[in-house]
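Here are the chains, one letter per residue:
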Amino acid sequence: MQVTMTVNGDAVTREIEPRMLLVHFVRDELGLTGTHWGCDTSNCGTCTLWIDGEPVKSCTTLAVMAGGHEVRTVEDLADGANLSPLQQGFMEEHGLQCGFCTPGMMMTAQALLDKQPDPDEATIREAICGNLCRCTGYENIVKAVRWAAEHPAGADSEVSA
Amino acid sequence: MTATDVPVSAEGNPIGFGRMLRKEDARFLRGRGKYVDDVQLKGMLHGAILRSPFAHARIVSIDTSAAEAHPKVKAVVTGAVLETLNLAWMPTLSQDTQSVLVTDKVRFQGQEVAFVVAEDHYSARDALDLIEVEYEQLPAVYDAKKALDADAPAIRDDLDRPDAPHPNHIYDWEAGNKEHTEEVFANAEVVVTQEMLYPRVHPAPMETCGSVADMDPVSGKLTIWTTTQAPHAHRTLYALVAGLPEHKIQVISPDIGGGFGNKVGIYPGYVCSIVGSILTGKPVKWVEDRSENLMSTSFARDYHMTGAIAATRDGKIQGLKVDVLADHGAFNGVAQPTKYPAGFFHIFTGSYDYDAAHCNVKAVYTNKAPGGVAYACSFRVTEAVYLVERMVDCLAQELGMDPAELRMKNLLQPEQFPYTTPTGWEYDSGDYPRALNKAMEIAGYDALRTEQAEMRRAYEAGESQNLMGIGISFFTEGVGAGPKKHMDILGLGMADGCELRIHPTGKGVIRLSVQSQGQGHETTFAQIVAQELGIPPEDIDVVHGDTDNTPFGLGTYGSRSTPVSGAAAAVVSRRVRDKARIIAAAALECSPDDLEWEPGRWFVKGDPDRGQTIQEIAMAAHGSLELPEGVEGHLDATAVYDPPELTYPFGAYICVTDVDAGTGQVKVRRFIAVDDCGPRINPMIVDGQIHGGLADGIGMALMELIAFDSNGTNLGGSFMDYLLPTAMECPSYELGETVTPSPHHPLGVKGVGESATVGSPAAVVNSVLDAIQIRAADMPLTPAVVWRAMQGSPLRNDLAIE
Ligand code: FES
Ligand code: FES
């Protein structure tokens, strides 16, 4: 069947099987391989992307369910050559090692920051608890999100205390 | 040189050791990492594996006709097909053989039965349902303790081993001095014996395993993109297994989404993707799903241990012994140096001073997935550390002594290094009391004990059901295998090559045999070159993970990268520096002996203005400058580093837990980790490695478990069943460091990749047991396990409650 949606601002239309998962749609049909696939049970969160501004696990969403909606993936976080404050935070605080969980982790964390620009550690931990990371022990991911909260316009900015 | 002395490059990076943001992050943060599943080739087909639902069953028949008739299916491969290619079985890394696709009977649940190649992934999966397999179920050996019973079914009837004491017996292996140990135990004032299980767990990296094989029918060249921590070892193995000429195999290990040992071995799926590509003439991708990963690829641990510790009444440890029953699953697929069937487990004597030790390891086959050494264990050092650190706590409890005091009393002293352990390891360097003191200081140990006593008083008075525990673990690891005269895998000596080339403009490329799975090699190794040559790290490109473009070496596991390849990188850099000296002397028209080195530059002794920067030297080396007799142009070097010894990182960990005595719920309140891995090349990356390992320890101690039911069914086959720690279970870690360089490593560094995974589980378990004042309970300490232990009816965790 035919599905049309907006992905990272661009309208896309594809002929797909109704059963195709959204994670496979963005990866295989659109070549946006920043969204990953790490489990069969909706536990790991490596597949997290946004539908209409809400983080969603794309491994548990049919591509057709996103028809008519706006999808945003990790590839859209940076503004051209400039990393977003959250991406900068991950770099500054060493919030990633193998990088496999990172796209999903950032999509979850960005959604949190959009709703709550200055979350405390406990709030961050709760927000990302549906995203597993096997490398970082979460410490620096939490710090990365805090860094973004403290630098809302990136490296050049700092919230004065 | 202290961190503050390190010069800074134009881009703000340290030209040498120090905190530096990672180069590799730029692509990962943009979603532009390239993992195996991201590889897309023209005309690529997709493979899927049919797996056995039974743990032990004879194959009566396999009918693939309906699958073959599927319009999108291109090939169906079975064991019978592989037999015609002589590929139905392959060697494991431990002198055993392993089934690729089953020919006779399945030996574990999830074993590979057939492989389908189709136009797309979904169709390949559909076709699996069309394959009809008739199984004749056999009783399964699901309990290692019963594997050697007289009536236990023989698992490996494929092997011809008339001398084996039992068909399920693999080996008995011992280390240490048995007689002396028995004598010490016979005369000891105190002996404490304790059984414990280090249960089967799984490394479960976020990226599962997979491969894309592309056999070019014209050139006969096989290119395989695959999740491997050891690309060169894999290439050699493919040459041996498939009979393909080694120079026509290129193994590319692109970005790896975590390894932790899971990506050391060669799995049937990789071989099937190669066969699929040979049969179809097209590239074939195979990527396992999570349940396949948890069911069939390298598990870790599975050691049933009975330890005994001997001491004087005033707490001087005199001896330690242990009997291990090692469950190796259906094929002995452990990956460790050939002469060490139990890995480095005989480092179990730990960090203490005594001379009597003995271990016996008995390994058995069971109807479980193969594997055995994986999950950041430093070749079974984690089992060893768990044993000794649990036994020391058992002894402390027996003696009524504070566990910190007991450790302090027995730790090796700095002046005892190099120290030869009773089982033959030579620890290179250490200051153990300093590390433990530091950890206790960060923890505020005495205040914690006071708080604990008050909480216990309130609990005993019925005022509260909250208890608090303080658990200590002190570990010594041996990492960085070889030397190659003692250590090899499948006859391949454990040494690693390295090549460094400085381009005319003074930028360079370093080529490594090891492969990062997140450890940040692209940054760290550039920093090593920067440290040695004064070239900014941003000017050094690090190439790894591609056998066509890197020198041979055994790869990244057992914390080998900095101890072995890091040393190789230092050696090649120094060779380049020596060559640069000769070239600088020619340019300056002086003798090389007249020159002195400062970072980035050779200059004339006593005349510092007369000198040549490494960049000027690089240009001169490629230019028209006349070089002395015997000196070739260009500026490059190669090295193979064969480590003289292992390096021995160590650390002191303290874990504080809160335990709800009413529910058995454990919360990790604090985790203090003082690590000594020698000088830190990039302290930010080192801390990150430790953080990850501490989370591993919390996961294993409290949540992670692969258990089996009496049919041999894996009960941990998904992330709903195999629980990994989330941000909610992990505290914010408190790290400290001491620095004791390794005397035999060119940079003094010791390796840190696995330290925290090795050291932390015992700290968590000791903490929980300290809270509930129970001598023993096995990991994972789930609420049920803790509660049952408190009731005096402990659970056996490795089996299903049936
Ligand atoms: S792939 Fe694991 S939650 Fe979606
Ligand atoms: S960085 Fe590797 S899983 Fe998170």
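Remember, it's a predicted structure, so these values are computed and weren't measured experimentally.

**Considerations on the overall build of chain B**
Next up, step 1: Of regular secondary structure, chain B possesses 18 helices and 33 strands.
Next up, step 2: Here chain B has a C-alpha radius of gyration of 28 Å; the compact-globule value for 802 residues is 28 Å, and the two agree.
Next up, step 3: C-alpha atoms of chain B, sized along the principal axes, occupy 85 × 75 × 50 Å.
Next up, step 4: Here chain B holds 802 residues, and 66% of them are scored as buried.
Next up, step 5: If you take every contact in chain B between residues at least 6 apart in sequence, the share linking residues at least 24 apart comes to 78%.
Next up, step 6: Carbon and sulfur atoms form 50% of the exposed surface of chain B, whose accessible area is close to 26300 Å².
Next up, step 7: Placing the 66 positive and 106 negative side-chain charges of chain B at their respective mean positions leaves the two points 2 Å apart.

**As for the side chain of B:T349**
Next up, step 1: By secondary structure assignment, the location of B:T349 is in the loop between β16 (317-327) and β17 (356-364).
Next up, step 2: When neighbours within four sequence positions are excluded, B:T349 is seen to be in contact with B:L320, B:Y354, B:A357, B:V388, B:T421, B:P422, B:T423 and B:Y427.

**A short note on the interface of chain B and chain A**
Next up, step 1: Taken together, the contacts link 55 residues of chain B with 51 residues of chain A.
Next up, step 2: Buried area between chain B and chain A, both sides added, is near 4400 Å², and the carbon and sulfur share of it is 56%.
Next up, step 3: Among the residues of chain B in contact with chain A, B:L29, B:Y122 and B:M206 are the three that bury the most area, contributing 19% of the side total.
Next up, step 4: With its nearest N and O atoms 3.4 Å apart, the salt bridge here joins B:D37 to A:R27.
Next up, step 5: At the boundary of chain B and chain A, one finds 28 residue pairs in polar contact (both at pLDDT 80 or more).
Next up, step 6: For the side of chain B that touches chain A, the secondary-structure elements that each account for two or more residues are α1 (25-29), α4 (121-128), α8 (290-296) and α16 (683-702) of chain B.
Next up, step 7: Broken down by element, the side of chain B that touches chain A gets its largest block of residues, 8 residues, from α16(B).

**Focus: the nonpolar core**
Residues and elements named next belong to chain B.
Next up, step 1: With 218 residues, the main nonpolar core has M305, F345, F671 and L702 as its most contacted residues.
Next up, step 2: Ranked by the residues each element gives to this core, the list is headed by helix α9 (residues 381-399), at 12 residues.
Next up, step 3: F345 has contacts with Y303, M305, V322, V324, C359, V361, F379, R380, E383 and A384, leaving out every residue within four places of it along the chain.
Next up, step 4: Counting 43 residues, the second largest nonpolar core, distinct from the first, contains A526, A584, L588 and A618.

**Quick word on the domain arrangement of chain B**
Residue and element names in this part refer to chain B.
Next up, step 1: You can read the domains of chain B as domain 1 (36-138 + 208-256 + 263-296), domain 2 (389-480 + 645-791) and domain 3 (495-641).
Next up, step 2: Spacing between the C-alpha centres of domain 2 and domain 3 amounts to 40 Å.
Next up, step 3: Listed by partner, the interface residues are 18 residues for domain 2 and 20 residues for domain 3.
Next up, step 4: Together, the buried faces of domain 2 and domain 3 total about 1300 Å²; carbon and sulfur atoms form 60% of this surface.
Next up, step 5: For domain 2, the biggest contributors to the area lost against domain 3 are I681, P746 and L747; these three give 38% of the whole.

**A word on empty space enclosed by the protein**
Next up, step 1: Taken as a whole, this structure holds 8 cavities of 30 Å³ or more when the rule is applied.
Next up, step 2: Of the voids in this model, the largest cavity is the one considered here, and its volume is about 660 Å³.
Next up, step 3: What lines the largest cavity is a set of 49 residues, among which B:Q519, B:Q689, B:V752, B:G753 and B:E754 lie closest to the centre.
Next up, step 4: Secondary-structure elements contributing two or more residues to the lining of the largest cavity are α13 (521-533), α14 (561-588) and α16 of chain B.
Next up, step 5: Looking at the lining of the largest cavity, its residues break down into 19 nonpolar, 24 polar and 6 charged.
Next up, step 6: Of the voids in this model, the second largest cavity is the one considered here, and its volume is about 140 Å³.
Next up, step 7: Around the second largest cavity, the lining residues are A:H24, A:R27, A:D28, A:W37, B:D37, B:H46, B:G47, B:H121, B:K285, B:W286 and B:V287.

**Digging into the domain arrangement of chain A**
All names here are of chain A.
Next up, step 1: Per the domain assignment, the segments making up chain A are domain 1 (2-76) and domain 2 (85-150).
Next up, step 2: Placing a centre on the C-alpha atoms of domain 1 and another on those of domain 2 gives a separation of 21 Å.
Next up, step 3: Each side of the interface is counted separately: domain 1 has 16 residues, and domain 2 has 16 residues.
Next up, step 4: Buried area between domain 1 and domain 2, summed over both chains or domains, comes out near 1200 Å², and the portion from carbon and sulfur atoms is 63%.
Next up, step 5: In terms of surface lost to domain 2, no three residues of domain 1 exceed H36, W50 and V74, which account for 40% of the buried area on that side.
Next up, step 6: Inspection of the domain 1/domain 2 interface yields 1 salt bridge.
Next up, step 7: For E54, the salt bridge identified is with K115, shortest N-O distance 3.5 Å.

**Examining the packing of α9(B) against helix α10 (residues 403-410) of chain B**
Residue and element names in this part refer to chain B.
Next up, step 1: Where α9 contacts α10, the two axes come as close as 9 Å, and the packing angle between them is 115°. Classed by the angle they form, the pair α9 and α10 counts as roughly perpendicular. When you trace α9 past α10, the crossing you get is right-handed. Contacts between α9 and α10 involve E389, V392, D393, L395, A396 and L399 from the first element and P403, L406 and R407 from the second.
Next up, step 2: Its residues assigned to classes, the contact of α9 with α10 shows 6 nonpolar, no polar and 3 charged.

**Remarks on the sheet that holds strand β6 (residues 105-106) of chain B**
All names here are of chain B.
Next up, step 1: Taken in spatial order, the 3 strands make up an open sheet running β6-β2-β8, and their pairing is antiparallel. Because the sheet does not close on itself, it has two edges, and the strands there are β6 and β8 (132-137).
Next up, step 2: As judged from the 6 bridges shared by strand β2 (residues 57-63) and β8, these two strands associate in the antiparallel manner. Counted as the bridge partner of S61 is E134 from β8.

**Remarks on the pattern of salt bridges**
Residue and element names in this part refer to chain B.
Next up, step 1: Under the defined criterion, the tally for this structure stands at 62 salt bridges over all chains.
Next up, step 2: Of the charged contacts, one joins E246 and R235 as a salt bridge, the two residues approaching to 3.7 Å between their closest N and O atoms. Within this pair, whereas E246 is found in the loop between α6 (231-242) and β13 (249-252), its partner R235 is found in helix α6, the two being separated by 11 residues in sequence.
Next up, step 3: Under the relative-accessibility criterion, E246 is labelled partly exposed at 30%.
Next up, step 4: Take R235: its relative accessible area is 14%, and that puts it in the buried class.

**A few points about the sheet that holds strand β1 (residues 2-7) of chain A**
Residue and element names in this part refer to chain A.
Next up, step 1: Read across the sheet, 5 strands follow the order β2-β1-β5-β3-β4 without closing on themselves; strand pairing throughout is mixed. Two strands bound the open sheet, and with one partner strand each, they are β2 (10-15) and β4 (54-57). Strand-to-strand twist across the sheet, computed as the mean angle between neighbouring axes with direction ignored, equals 40°.
Next up, step 2: Taken strand by strand, helix α3 (residues 102-115) contacts β3 (48-51), β4 and β5 (70-72), and its axis lies near 45° from that of β3.

**As for the layout of surface pockets**
All names here are of chain B.
Next up, step 1: Here the largest pocket defines a volume of roughly 380 Å³.
Next up, step 2: What lines the largest pocket is a set of 23 residues, and nearest its centre among them are K145, E195, M196, L197 and D778.
Next up, step 3: Of all elements in the fold, only β10 (190-201), β15 (299-311), β16, β17 and α18 (783-791) reach the threshold of two or more residues within the lining of the largest pocket.
Next up, step 4: Here the element with the most residues in the lining of the largest pocket is β10; it accounts for 4 residues.
Next up, step 5: Of the residues in the lining of the largest pocket, the class split is 11 nonpolar, 5 polar and 7 charged.

How each quantity is defined
All residue numbers here refer to positions counted from 1 along the written sequence of the relevant chain. To label them, take the chains in the order written and letter them from A, then take the ligands in the order written and number them from 1. Residue-level local features of this predicted model are given only where pLDDT is at least 70; pairs of side-chain atoms are given and counted only at 80 or more, and the full residue set underlies all totals for whole chains, interfaces and linings. Think of the side-chain values as coming from all heavy atoms in the structure, minus any hydrogens and water. Starting at the N terminus, helices and strands are each numbered in turn, a helix being any DSSP run of H or I of at least four residues and a strand any DSSP run of E of at least two. The quantity called the radius of gyration is restricted to C-alpha atoms. Its globule counterpart is 2.2 Å times the number of residues to the power 0.38. Exposure is judged per residue with a 1.4 Å probe applied to protein chains only, and the accessible area is read against the type maximum: over 50% gives exposed, under 20% gives buried, and values in between give partly exposed. By the convention used here, residues are in contact when the closest approach between their heavy atoms is within 4.5 Å. Areas reported as accessible are Shrake-Rupley estimates using a 1.4 Å probe. Residue values count occlusion only from the protein chains shown. Positive charges are assigned to Lys and Arg, negative charges to Asp and Glu, while His and the chain termini are left out of the count. Taken as the charge centre is NZ of Lys, CZ of Arg, CG of Asp or CD of Glu, depending on the residue. Two parts placed together each lose some accessible area; with a 1.4 Å probe, that loss summed over both constitutes the buried area. We count a salt bridge whenever a side-chain nitrogen from Lys or Arg sits within 4 Å of a carboxyl oxygen from Asp or Glu. What qualifies as a polar contact is a pair of N or O atoms within 3.5 Å, subject to a donor-acceptor requirement within protein and to the restriction that residues adjacent in sequence count only when both atoms come from side chains. Nonpolar cores were defined as sets of buried Ala, Val, Leu, Ile, Met, Phe, Trp, Tyr and Cys residues, with membership established by side-chain atoms within 4.5 Å. Domains are outlined according to an automatic or database domain assignment. Buriedness for pockets is judged along seven lines, at least five of which must meet protein on both sides within 12 Å for an open set on the 1 Å grid over protein atoms alone, while cavities are sets there where a 1.4 Å probe fits but cannot get out, and lining residues have an atom within 4 Å of a point. Grid points are joined across faces, edges and corners, and a volume is the space filled by probe spheres set on the points. For this classification, the nonpolar set comprises Ala, Val, Leu, Ile, Met, Phe, Trp, Tyr, Cys and Pro, the charged set comprises Asp, Glu, Lys and Arg, and every other residue, Gly included, is treated as polar. Note on geometry: axes are C-alpha line fits, over the in-contact stretch for helices, and angles between N-to-C directions span 0 to 180 degrees. Any angle between 65 and 115 degrees counts as roughly perpendicular, while under 35 counts as roughly parallel, over 145 as roughly antiparallel, and the rest as oblique. Two helices crossing with the near one rotated counterclockwise from the far one by less than a right angle form a left-handed crossing, whereas a clockwise rotation gives a right-handed crossing. We treat two strands as partners when DSSP finds at least two bridges between them.

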